[in-house]
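Analysis of the macromolecular model
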Amino acid sequence: MTAKGTVRANRTEKFPLNDKIIMYICERGAFESYIDKSDNIVAVAWKDNSVVTLLSNEHGVAPLGEAKRYSVTERKKVSIPQPYLIAQYNRNMGGVDLMDNNITNYRIGVRGKRWYIPIVLWLFDVVMSNSWFLARSQGVTLDSLSFR
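Along each chain, numbering runs from 1 in the same order as the chain's sequence is written. At least 70 in pLDDT is required for a residue's local features to be given in this predicted model, at least 80 for side-chain atom pairs to be given and counted, and no such filter applies to totals for whole chains, interfaces and linings, which use all residues. The basis for every side-chain value is the complete set of non-hydrogen atoms in the structure, without hydrogens or water.

As for the overall build of the protein chain
- Scanning the protein chain from terminus to terminus reveals five helices and six strands.
- Listing every helix and strand of the protein chain by position from the N terminus yields β-α-β-β-β-β-β-α-α-α-α.
- A radius of gyration in this sense is built from C-alpha atoms; the matching globule rule multiplies 2.2 Å by the number of residues raised to 0.38. For the protein chain, whose C-alpha radius of gyration is 19 Å, the value lies well above the compact-globule estimate of 15 Å for 148 residues.
- Summarising its shape, the C-alpha atoms of the protein chain cover approximately 45 × 40 × 35 Å along the three principal directions.
- To sort residues, take the accessible area from a 1.4 Å probe on protein chains only and compare it with the maximum for the residue type: under 20% means buried, over 50% means exposed, and anything in between is partly exposed. Classification of the 148 residues of the protein chain by burial places 28% in the buried group. Every helix listed is a DSSP run of H or I at least four residues long, and every strand listed is a run of E at least two residues long, numbered separately from the N terminus.

Written as structure tokens, this is what we have:
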């Protein structure tokens, strides 16, 4: 079985990657990788807007690709190096990642005095997100905000 996914930087004690603070100092597009040959796992820390750490037993760093990002200092789109694992993760990202992203973009932001109110509002967000994905699969062309 193959897998790839993001992981919090503090969960990678087995992989001697640089500290997240050190990676923040690096320029955009910098990355570091570590291969654990005994378990066949690759760990990659890549600096985009923030530092992203991924683990995979399916893909590696090579071949390096390019990602187009807007540079504020140059005021244009620039190409930065992107490991193959990152590109594959972004291309095949689905399910929970897309739902979390959609919920984060349009979260119902009311806080209640009762402990269960945030849970109920999160459930509404999940239902709205899943309904929008189902509607899109049936041919509805509304964006998420308009659908809500």
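So, next bit.
So, the sheet that holds strand β2 (residues 31-36)
- The pairing criterion is simple: DSSP has to find at least two bridges between the two strands. What the four strands build is an open sheet, ordered β1-β4-β3-β2; its pairing is antiparallel. Unpaired on one side and paired on the other, β1 (4-6) and β2 mark the two borders of the sheet. On average, adjacent strands in this sheet sit at an angle of 15° to one another, irrespective of strand direction.
- One ladder, built from six bridges, connects strand β3 (residues 41-47) with strand β4 (residues 51-56); its direction is antiparallel. Within the sheet, the bridge partner assigned to Ala45 lies in β4 and is Thr53.
- Whether two residues are in contact is decided by their heavy atoms, any of which lying within 4.5 Å being enough. Where helices are involved, their axes are fitted lines through C-alpha atoms of the stretch in contact, as for all axes, and angles between N-to-C directions lie from 0 to 180°. The sheet contacts of helix α2 (residues 84-92) involve β1, β3 and β4, and relative to β1 the element is tilted by about 90°.

Here we look at the packing of aromatic side chains
- Note on ring pairs: Phe, Tyr and Trp rings are taken, using the six-membered ring of Trp, and paired if centres are within 6.5 Å. Classes follow the plane angle, with under 30 degrees stacked, over 60 edge-to-face and the rest tilted. One pass over the structure, following the stated rule, counts two aromatic pairs.
- A ring pair is formed by Trp115 and Tyr116, whose centres lie 5.7 Å apart and whose planes are at 90°; its orientation type is edge-to-face.
- What makes Trp115 exposed here is its relative accessible area of 68%.
- Ring centres 5.2 Å apart and planes at 50° place the aromatic pair Trp132 and Phe133 in the tilted group.
- According to the relative accessible area criterion, Phe133 is partly exposed, its value standing at 26%.

Thoughts on the nonpolar core
- As used in this record, nonpolar core signifies buried Ala, Val, Leu, Ile, Met, Phe, Trp, Tyr and Cys residues forming a set joined through side-chain atoms within 4.5 Å. Listed in full, the 11 residues of the largest apolar core are Val42, Val44, Trp46, Leu54, Val61, Ala67, Val78, Ile80, Leu85, Ile86 and Tyr89.
- When contributions to this core are tallied by element, the ones reaching two or more residues are β3, β6 (76-82) and α2.
- Leu17, Met23, Ala43 and Val51 belong to the second largest nonpolar core, which has six residues in total.

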